[in-house]
Amino acid sequence: EEKAVVVKIGGMTCASCAKTIEVAVGSLDGVKSITVNLATESARIVYNPSVTEIEDIRKAIEEVGYQFLGIE
Ligand code: 9UX
């Protein structure tokens, strides 16, 4: 089963920031895809909630230095 969420992210100022988040979250088990949108400061993430919880995604974003601002 897959779930799609849009997460608001703070602290991104360039395309490299977006790429860093894509790699960090995209490498988590259970994350099928992530598309970061710098302009809207958000990311659309498709994942399997029985493998990776939203809490794990929050931690991955914070570990690389950005803010998890909640689910849209
Ligand atoms: Mo470049 Mo984005 O240092 O923080 S990765 S601005």
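As a reminder, the structure under discussion sits directly above these lines.
Figured I'd write up the structure that's included with this text. Source: prediction; values computed, not measured. Once a new chain begins, its residue numbering starts again from 1 and follows that chain's sequence as written. In view of the model being predicted, local features appear only for residues whose pLDDT reaches at least 70, and side-chain atom pairs are presented and counted only at 80 or more, with totals across whole chains, interfaces and linings using the full set of residues.

1. Remarks on the sheet that holds strand 4 (residues 67-71)
Hydrogen bonds between backbone groups are what pair the strands of a sheet, and the pairing can be parallel or antiparallel. Strands sit in the order 2-3-1-4 across an open sheet of 4 strands; the sheet is antiparallel. Every other strand in the sheet has two partners, leaving strand 2 (31-37) and strand 4 as the edge strands with one partner each. For this sheet the average axis-to-axis angle between neighbouring strands, irrespective of direction, equals 25°. As judged from the 3 bridges shared by strand 1 (residues 3-10) and strand 4, these two strands associate in the antiparallel manner. Within the sheet, the bridge partner assigned to Ile9 lies in strand 4 and is Phe68. Think of it this way: DSSP has to see at least two bridges between two strands before they count as a pair. The helix and strand labels rest on DSSP assignments: H or I over at least four residues marks a helix, E over at least two residues marks a strand, and numbering proceeds from the N terminus. Here an axis means a line fitted to C-alpha atoms, over the contact stretch when the element is a helix, while the angle between two N-to-C directions is reported on a 0 to 180 degree scale.

2. Let's talk about the site of the ligand
What surrounds the ligand is the set Thr13, Cys14, Ser16 and Cys17. Nonpolar residues are Ala, Val, Leu, Ile, Met, Phe, Trp, Tyr, Cys and Pro. Charged residues are Asp, Glu, Lys and Arg, and all others, Gly as well, are polar. Grouping the amino acids of the shell around the ligand by side-chain chemistry returns 2 nonpolar, 2 polar and no charged. Only the C-beta atom matters for nearness: placed from the backbone, it must lie within 6 Å of the molecule or strand for the residue to count as near.

3. Notes on helix 2 (residues 54-63)
Remark: C-beta atoms are placed from the backbone, and a residue is labelled buried if 20 or more other C-beta atoms sit within 10 Å of its own, exposed if 12 or fewer do, or partly exposed between those counts. Those residues of helix 2 not exposed but buried are Ile57, Ala60 and Ile61. When helix 2 is viewed along its axis, its buried side chains cluster within an angular range of 95° and face the same direction. Opposite the buried face of helix 2, at more than 90 degrees from it, the exposed residues are Glu55 and Glu63. Contact between two residues is assigned whenever their backbone-derived C-beta positions fall within 7 Å. On the buried face of helix 2, the contacting elements are strand 1, helix 1 (15-26), strand 3 (42-47) and strand 4. At the C-terminal side of helix 2, Gly65 shows a positive phi close to 100°. Arc definition: directions from the helix axis to the C-beta atoms.

4. Overview of helix 1
A helix is expected to reach a length of 1.5 Å times the quantity of its residues less one. In this model, helix 1 (12 residues) spans 16 Å end to end at C-alpha, consistent with the 16 Å of a helix rising 1.5 Å per residue. For helix 1, every residue scored as buried is listed here: Ala18, Ile21, Ala24 and Val25. The buried residues of helix 1 occupy an angular sector of 130° when the element is viewed end-on, so they sit on one face. Turned more than 90 degrees off the buried face of helix 1, the exposed positions are Ala15, Ser16 and Val23. Summarising the contacts, the buried residues of helix 1 are in contact with strand 1, strand 2, strand 3 and helix 2.

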